[in-house]
Amino acid sequence: MNLSQYPLLLWPPAASAIAQETDWLILAWTALALLLVAPVFVGMTWFAFHFRAGRNVHRGVREGRNHLLEVGWMVIPFVLTLIFFAWGARVFDEDWHPPAGATEIHAIGRQWMWKFQHPGGQSEINDLHVPLGQPIVISEISQDVIHSLYIPAMRIQMETLPDRYTRLWFKADRPGVYRMFCSEYCGTDHSKMDGELYVMKPADYEAWLAHAGTADSLAAEGKVLFSSYGCAGCHLPGATVRAPSLAGVYGNPVPMADGGTIVADDSYIRDKILDPDARKVAGYKQIMPSFKGQIPEDRLVPLIAYIKSLGAPNAEPNGEPTP
Ligand code: CUA
């Protein structure tokens, strides 16, 4: 049952299964809190009335104790609240871990707009189109200050931080248009940093993608940037400078000069482009210059998508994502 169909509750629509479960969790928790707190206030009122000044009642210490009652009023509320701990932890865990096969969309926050980049290369400002019933992961990063992407209809929110990728995910199960907000005060026009989420039926979404389509996928766009920023001169097989080949690097452990290893995920590759001196790769001289301040966030996304697409070692990089 979808609680948000009752407008008196003043809740935004709940457009995903997790959103509905979150509503139930909050409602049930509120009910339990009332159940536990109400007897305390009823008792307080009764005692204040019964033992008021001037009334002739017994005020001494009562003999004998009811141990069952005393243990009961501690253990029962404890167990009841533990149930909510387990329930809340389960919803949180589900909210935290996107299912395999989710579509990844990149969100870049800046003062004061949102830019979204789809895997097919389509990008949009302050609007986000997604298909119904398909898990969507939004990978977020900020180009300036801290923002926060908040989608009330999905009951999710995630901080958008400079220099660090964060993510949230949802699976919409009701088509419609829902509001999105920046929920972190980020300067003068913070209140205008909002947008609309369009949840579309799959066929409509395909039509939208085709209509908004660009010639290149994100990875193909990244391949062009890989050449124009000069990365290809050192990192392609056969380059004159001895630099690590990037084929097959993504998602695998990279040995570091200090003896450890780091898995090459989006954050690692981004750090390596912007601050290559921070962690030295084993077996190579650290000669790569920093690209900090030269490559904006919305170009790092396709660059990383391209590196991700360079599947097995020695594969011919062709700019197409590896399936
Ligand atoms: Cu961005 Cu508030």
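All figures in this text were calculated on a predicted structure; none of them were measured in a lab.

What counts and what doesn't
- Residues numbered from 1 in each chain as written.
- Predicted model: local features only at pLDDT ≥ 70, side-chain atom pairs only at ≥ 80, totals over all residues.
- Heavy atoms only, no water.
- 1 Å grid on protein atoms, 1.4 Å probe; cavity = no way out; pocket = protein on both sides within 12 Å on 5 of 7 lines; lining within 4 Å.
- Points joined across faces, edges and corners; volume = space filled by probe spheres on them.
- Helix = DSSP H or I, 4+ residues; strand = E, 2+ residues; numbered from the N terminus.
- Nonpolar A, V, L, I, M, F, W, Y, C, P; charged D, E, K, R; others polar.
- Expected span 1.5 Å × (residues − 1).
- Contact = heavy atoms within 4.5 Å.
- Pairing = 2+ DSSP bridges.
- Axes fitted to C-alpha atoms, helices over the stretch in contact; angles between N-to-C directions.
- Domains from an automatic or database assignment.
- Buried area = accessible area lost by both parts, 1.4 Å probe.
- Salt bridge = Lys/Arg side-chain N within 4 Å of Asp/Glu carboxyl O.

Undergrad: For this particular structure, what's the right way to read the layout of surface pockets?
TA: A volume near 720 Å³ is recorded for the largest pocket. Along the walls of the largest pocket sit 33 residues, with His 235, Pro 244, Leu 246, Lys 272 and Met 288 positioned nearest its centre. Elements that contribute at least two residues to the lining of the largest pocket include exactly helix H5 (232-235), strand S11 (253-255), helix H6 (266-274) and helix H7 (297-309). Here the lining of the largest pocket takes four residues from H6, the largest share from any one element. Class assignment of the residues belonging to the lining of the largest pocket gives a composition of 25 nonpolar, five polar and three charged.

Undergrad: Honestly, H7 in this entry has me stumped. Any pointers?
TA: Residues that lie three or four places apart on an α-helix share one face, since the helix turns once every 3.6 residues. For H7, spanning 13 residues, the distance from its first C-alpha to its last is 19 Å, which sits close to the expected 18 Å at 1.5 Å a residue. Tucked into the core, H7 has its buried residues touching strand S1 (103-110), strand S2 (113-117), strand S5 (136-142), helix H4 (218-228) and H6.

Undergrad: Explain the sheet that holds strand S6 (residues 147-151) here, please?
TA: Spatially, the five strands line up as an open sheet ordered S4-S10-S9-S6-S7, and their pairing is mixed. Among the strands making up the open sheet, the edge pair consists of strand S4 (127-131) and strand S7 (156-160). Going across the sheet, the axis of each strand differs from the next one's by a mean of 20 degrees, ignoring polarity. In this sheet, strand S10 (residues 194-200) lies alongside strand S9 (residues 176-182) in antiparallel orientation, the contact comprising six bridges. Within the sheet, the bridge partner assigned to Val 177 lies in S10 and is Tyr 198.

Undergrad: What is the right way to read the domain arrangement of the protein chain from this model?
TA: Frequently, the measure chosen for interface size is the accessible area removed from exposure when the parts meet. Partitioning the protein chain into structural domains gives domain 1 (1-32 + 72-214) and domain 2 (218-309). Contacts between the two partners involve 15 residues from domain 1 and, on the opposite side, 14 residues from domain 2. In total, about 1200 Å² of surface goes out of reach between domain 1 and domain 2, with carbon and sulfur atoms giving 47% of it. Interface area lost by domain 1 to domain 2 is led by Gln 117, Asp 163 and Tyr 165, which between them contribute 43%. Across the domain 1-domain 2 interface, the total number found is four salt bridges. Every element with two or more residues in the side of domain 1 that touches domain 2 is listed here: S1, S2 and S5. With four residues, S1 is the largest single contributor of residues to the side of domain 1 that touches domain 2.

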